[in-house]
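Below are the chains, spelled out letter by letter.
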Amino acid sequence: MTSAAQSAARANPILRLGKSVQGALFRYAGLRGYILFSPTLLVLVGAMCIPVGMLVIYSFWTQKYIEIDTTLTLANYLQIFNKTSYMLLIGKSILISTAVTTATVVLAYPIAYFIAFRVHQHKIVWLILITVPFWTSYLLRVFSWKVILGYNGVINSALKWLGIVDQPLAFLLHNPTAVIITLAHAWAPIAILPIFVSLEKIDRSLLEAATDLGDGPVARFLRVTLPLSIPGVVAASMLVFIPTVGDYITPQLVGGPDGLMVGNLMHAMFFKANNWPLGSALAILSAAAITVTSLAIWFLTKHARERAK
Amino acid sequence: MSNKPDFVSIGDVSKHFGSVRAVDGVSLDIAQGEFFALLGPSGCGKTTLLRILGGFEAPNSGNVHIDGADMTLQPPNRRPVNMVFQNYAIFPHLNVRENIGYGLRKEGLSKQQIAERVDEALATVKLEGLGGRGATEVSGGQRQRVALARALVKHPKVLLLDEPLSALDKNLREQMRVELRALQQQVGITFIFVTHDQEEALSMADRIAVMFDGKVRQVDTPEHLYETPRSKDVAAFIGSMNFIDATVEGADGDALIVDAGPVGRIRAGLPADGAPAAGTTVIVGIRPEKLILADSPPGEGANSIRARLTAASYLGERSHYFLQVDGLAEPLSIARQNTQAQLLHEADAGSELWLTWSPASGIVLPAAG
Ligand SMILES: Nc1ncnc2c1ncn2[C@@H]1O[C@H](COP(=O)(O)OP(=O)(O)O)[C@@H](O)[C@H]1O
Ligand SMILES: [Mg+2]
């Protein structure tokens, strides 16, 4: 900088302010961090905290015909607690989602393992191929399972054609199993990624060390690979479990009366019954149930890891 | 030592990766209880050879016998061999004790026996009291000890070590050379270790195999390797060396008379396999510390030449000087311990001095390679 420019900078207060802000940013990493973080923070507050806050507030209000009574009360919660069918529905949703999560992880793990350890080139191509089902709409994927499992669907037609059954099997569709199959298929690609990442991160020399110390392939998997991939498995479980509890499209389309989940009830409260406060209370309660179950999964895996040593 | 000279026997082993001949027709016999080094520049195939011994790579041809048993196609978990990996490969989810005991689970020992063996191994590597530490809570040097203990606790017939000291800082590295050597003497297990650091190999090993481009070029004790290298490559890799092109004129007693062009007629050591025929072109190698600076020409018997100082560098306990002999392509390098009071400095450049050396210091090497 020439001396003329320097004196100009000294004279101009805006430039001087700019300089000192720059200086402060350079000096304080924390300040830099907050500024970089602020867009995320704004989105988080706008898109999450506000809606959830509104949900919480709604859950303490009550619906009086078409009016909403804004007196704070626990009436909605009491109503849900006293209605066994609601509580059972929440419980069943948790159970179905746990089954979905288990099925998804069991499906996803071998695929992630294959890409991480057996594919040596173009892993990214394989990962993209796995997301191909995601390129079609969720609804379309659910419908295709309806086509596969349905009364006149692919499986039944095949069984009939092969002469294995005379009448189509009715139990394939419209039950919780159909919900579990459909959801597990839909969420498998999501579960593969975190498991893949955790497997990919494992230092290959650790596996060689295990073999060197006498382990065969199975012992090595159980003692090194699996424990080191648990973070990925937990992440995958959470990613699948949390959103599937509240799903209402799949149960609606393939679940039948037995396969309905709490999402369907919430949907009904917000739309058909037009009872937002009760719907909100249901949402809060199922969120609480999800939190408790997630924590349980987390503690269980941690415990299992300690035991596996 | 040395009950069985071919305790580990490598027979004409080759390993190719695509067009790269990582290991190219290597044959080696390593004795029981020996501390053996594989030394060579980076990429010469040392690690690959070690991994073939460990069972992590199958050779394309050749075979490996350990204590008489053919191990060529045995997987690592079926070999009486353990490895200390270059990055130590400590299991991050296990603590120090669990790491060390890892390989004992399969040996049909009771919990009590395992605990005793682990304690013993912890003591051997001087890590008593650190057993409960997490794998990520120990320093680099301690990680190395964990890796050593984890392998030694299995009482292998052979311990393989891949650049075991390269991840440590300089002081620790020098201390560990002594310790590792003492440890090997104490446990009496055959150690085969890979290094690219010649000083490390010289100071620790009983014998060294020098590798270049997948081939073993010389197998010898450290002293022989340094004093009587058999090729220019080996001579240049182990320590440093001045090379002078020469033509053989004839033998005179225990010296070889050669015509070294600009350096004149000089006397060199007679090669162990006899004097080359007169007229053969050879290379005479002289170690920098064996060239002596003098103010006046020496007496009979020693070689001498007049040279001009071109550069001097002071390294504390010793100095390096470069002296140009008229007609030689490169200046000769001279190393001198700084025991004499008089040092030469940059400012002395240009001054003429005498260089002398004994005939035995001149090593006659074949001209090619
Ligand atoms: N798994 C492998 N695939 C392809 N090339 C390899 C592999 N391992 C080693 N190489 C090649 O073989 C040569 C020898 O490697 P290495 O044994 O690791 O050498 P060093 O340990 O002496 O540095 C190198 O050129 C290296 O690139
Ligand atoms: Mg190497």
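Analysis parameters
- Residues numbered from 1 in each chain as written.
- Chains lettered and ligands numbered in written order.
- Predicted model: local features only at pLDDT ≥ 70, side-chain atom pairs only at ≥ 80, totals over all residues.
- Heavy atoms only, no water.
- Helix = DSSP H or I, 4+ residues; strand = E, 2+ residues; numbered from the N terminus.
- Rg over C-alpha atoms; globule rule 2.2 N^0.38 Å.
- Buried < 20%, exposed > 50% of the residue type's maximum accessible area, 1.4 Å probe, protein only.
- Contact = heavy atoms within 4.5 Å.
- Areas by Shrake-Rupley, 256 points an atom, 1.4 Å probe, with all protein chains shown as cover.
- Lys, Arg positive; Asp, Glu negative; His and termini not counted.
- Charge placed at Lys NZ, Arg CZ, Asp CG, Glu CD.
- Expected span 1.5 Å × (residues − 1).
- Arc of directions from axis to C-beta.
- Domains from an automatic or database assignment.
- Buried area = accessible area lost by both parts, 1.4 Å probe.
- Polar contact = N/O pair within 3.5 Å; in protein donor to acceptor, adjacent residues only side chain to side chain.
- Nonpolar A, V, L, I, M, F, W, Y, C, P; charged D, E, K, R; others polar.
- Salt bridge = Lys/Arg side-chain N within 4 Å of Asp/Glu carboxyl O.
- Core = buried A, V, L, I, M, F, W, Y, C linked by side-chain atoms within 4.5 Å.
- Pairing = 2+ DSSP bridges.
- Axes fitted to C-alpha atoms, helices over the stretch in contact; angles between N-to-C directions.
- Phe/Tyr/Trp six-rings, centres within 6.5 Å; stacked < 30°, edge-to-face > 60°.
- Near = heavy atom within 4 Å.
- Patch = residues over 30% accessible without salt bridge, like charges linked within 9 Å, V, L, I, M, F, W, Y side chains within 5 Å.

Trainee: Mind showing me how you'd approach the overall build of chain A here?
Mentor: A tally of regular secondary structure across chain A gives 14 helices and two strands. By the compact-globule yardstick of 19 Å for 309 residues, chain A is too spread out, its C-alpha radius of gyration being 27 Å. Here chain A holds 309 residues, and the buried ones make up 39% of them. For chain A, the proportion of contacts with a sequence separation of at least 24, taken over those separated by at least 6, is 66%. Accessible area for chain A stands at about 17900 Å²; split by element, carbon and sulfur atoms hold 73% of it. Taken as two groups, the 22 positive and 11 negative side-chain charges of chain A have centres that lie 11 Å from each other.

Trainee: Looking at this structure, how should I read helix α3 (residues 111-124) of chain B?
Mentor: Helical geometry: 3.6 residues make up each α-helical turn, so side chains three or four residues apart lie on a common side. All names here are of chain B. Counted at 1.5 Å a residue, the expected span for α3 with its 14 residues is 20 Å, and the 20 Å between its end C-alpha atoms agrees. The complete set of buried residues in α3 reads Ile114, Arg117, Val118, Ala121 and Leu122. Projected onto a plane normal to the axis of α3, the buried residues spread over an arc of 140° and lie on a single side. The secondary structure elements touched by the buried residues of α3 are α2 (96-101) and α4 (140-152). Lysine 126, located one to two residues past α3, shows a positive phi value of around 60°.

Trainee: I tried to follow the domain arrangement of chain B on my own but got confused; where do I start?
Mentor: For interface size, the figure often reported is the accessible area lost on association. Residues and elements named next belong to chain B. Domains assigned within chain B are domain 1 (6-235) and domain 2 (240-366). Computed from C-alpha atoms alone, the centre-to-centre distance between domain 1 and domain 2 is 39 Å. Counting residues at the interface gives eight residues for domain 1, matched by nine residues for domain 2. Buried surface at the junction of domain 1 and domain 2, summed over both partners, amounts to about 770 Å²; 56% is from carbon and sulfur atoms. Taken as a group, Tyr226, Lys232 and Ala235 account for 65% of the area that domain 1 buries against domain 2, more than any other trio of residues on that side. Here domain 1 and domain 2 share four residue pairs in polar contact (both at pLDDT 80 or more) between them. Listing elements by their share of the side of domain 1 that touches domain 2, those giving two or more residues are α7 (222-227) and α8 (232-237). Top element by residues in the side of domain 1 that touches domain 2 is α7. It accounts for three residues. A breakdown of the residues in the side of domain 1 that touches domain 2 according to their chemical character gives four nonpolar, one polar and three charged.

Trainee: Would you explain the interface of chain B and chain A in this entry?
Mentor: Facing 22 residues of chain B, the contacting portion of chain A comprises 19 residues. Taken together, both faces of the contact between chain B and chain A bury some 2000 Å²; the carbon and sulfur share is 55%. If you sort the residues of chain B by the area they bury against chain A, B:Asn77, B:His93 and B:Tyr102 come out on top, with a joint share of 32%. The tally of links from chain B across to chain A stands at one salt bridge. One salt bridge connects B:Arg51 with A:Glu208, and the closest N-O pair in it is separated by 2.7 Å. Counting the contacts that link chain B with chain A gives 11 residue pairs in polar contact (both at pLDDT 80 or more).

Trainee: Is there a simple way to explain the nonpolar core in this structure?
Mentor: General note: in soluble globular proteins, nonpolar side chains tend to be found buried as a group. Counting 72 residues, the largest nonpolar core has A:Ile195, B:Leu38, B:Phe91 and B:Ile192 as its most contacted members. Sorting elements by how many residues they give to this core places helix α9 (residues 176-200) of chain A first, with 10 residues. In contact with A:Ile195, not counting residues within four places along its chain, are A:Val105, A:Ala108, A:Tyr109, A:Ala112, A:Gly232, A:Val233 and A:Ala236. Judged by nonpolar contacts, the second largest core, of 46 residues, contains B:Leu127, B:Val146, B:Ala205 and B:Phe237.

Trainee: Help me out: how do you make sense of the sheet that holds strand β11 (residues 242-252) of chain B in this one?
Mentor: Sheet strands pair via backbone hydrogen bonds, and the direction of the pair is either parallel or antiparallel. Residue and element names in this part refer to chain B. On the basis of which strands lie adjacent, the open sheet formed by five strands has the order β13-β12-β11-β14-β20 and antiparallel pairing. At either margin of the open sheet sits one strand with a lone partner, and together these are β13 (265-269) and β20 (363-366). Ignoring which end each strand starts from, the neighbouring axes of this sheet average 50° apart. Bridging between strand β12 (residues 255-259) and β13 involves five bridges; their strand directions are antiparallel. Looking at β13, one finds that isoleucine 257 is bridged to arginine 267.

Trainee: Mind showing me how you'd approach helix α4 (residues 75-82) of chain A here?
Mentor: Every buried residue of α4(A) is listed here: A:Asn76, A:Tyr77 and A:Ile80. Along the long axis of α4(A), the arc covered by the buried residues comes to 95°, so they all point the same way.

Trainee: Explain the domain arrangement of chain A here, please?
Mentor: Residue and element names in this part refer to chain A. For chain A, the assigned domains read domain 1 (1-59) and domain 2 (77-308). The distance between the C-alpha centroids of domain 1 and domain 2 comes to 41 Å. In this assembly, four residues from domain 1 lie in contact with eight residues from domain 2. Summing both sides of the interface, domain 1 and domain 2 together bury roughly 510 Å²; the carbon and sulfur share of this comes to 75%. For the domain 1 face of the interface with domain 2, the top three residues by lost area are Leu55, Tyr58 and Ser59, together amounting to 91%. Along the contact surface separating domain 1 from domain 2 lie zero salt bridges. For the interface between domain 1 and domain 2, the tally reads one residue pair in polar contact (both at pLDDT 80 or more). Its residues assigned to classes, the side of domain 1 that touches domain 2 shows three nonpolar, one polar and no charged.

Trainee: Quick question: what am I supposed to make of the packing of aromatic side chains here?
Mentor: Any pair of aromatic rings gets described here by the distance separating the centres and the angle formed by the planes. Residues and elements named next belong to chain A. Scanning the model with the defined rule gives 14 aromatic pairs over all chains in all. On the numbers, 5.3 Å between centres and 65° between planes, the contact of tyrosine 58 with tryptophan 61 is edge-to-face. Look at tyrosine 58 and tryptophan 276: their rings are 5.7 Å apart centre to centre, the planes differ by 55°, and that puts the pair in the tilted class. Of this pair, tyrosine 58 sits in helix α3 (residues 29-59) while tryptophan 276 is found in helix α14 (residues 276-308), placing the two residues 218 residues apart along the sequence.

Trainee: Which parts of the structure should I look at to understand the site of ligand 1?
Mentor: Residues and elements named next belong to chain B. In the vicinity of ligand 1, the residues found are Phe17, Val20, Ala22, Pro41, Ser42, Gly43, Cys44, Gly45, Lys46, Thr47 and Thr48. Glycine 43 is positioned with one of its backbone polar atoms (N or O) 2.6 Å from an oxygen atom of ligand 1. Within the side chain of threonine 47, one N or O atom sits 2.5 Å away from an oxygen atom of ligand 1. Look at ligand 1: alone it shows 560 Å² of surface, and the protein chains cover 58% of it. When contributions to the shell around ligand 1 are tallied by element, the ones reaching two or more residues are β2 (20-30) and α1 (46-54). Residue contributions to the shell around ligand 1 peak at three residues, all from α1. Across the shell around ligand 1, the residue classes break down as five nonpolar, five polar and one charged.

Trainee: What is the right way to read a nonpolar patch on the surface from this model?
Mentor: Residues and elements named next belong to chain A. A cluster of nonpolar residues, Phe114, Ile124, Val125, Trp126, Ile128, Leu129, Val132, Phe134 and Trp135, forms a patch on the protein surface that exposes about 880 Å² of accessible area. Counting residues per element, the nonpolar patch draws most heavily on helix α6 (residues 123-130), at five residues. Its location among the elements puts tryptophan 126 in helix α6. The partly exposed category is assigned to tryptophan 126, whose relative accessible area is 36%.

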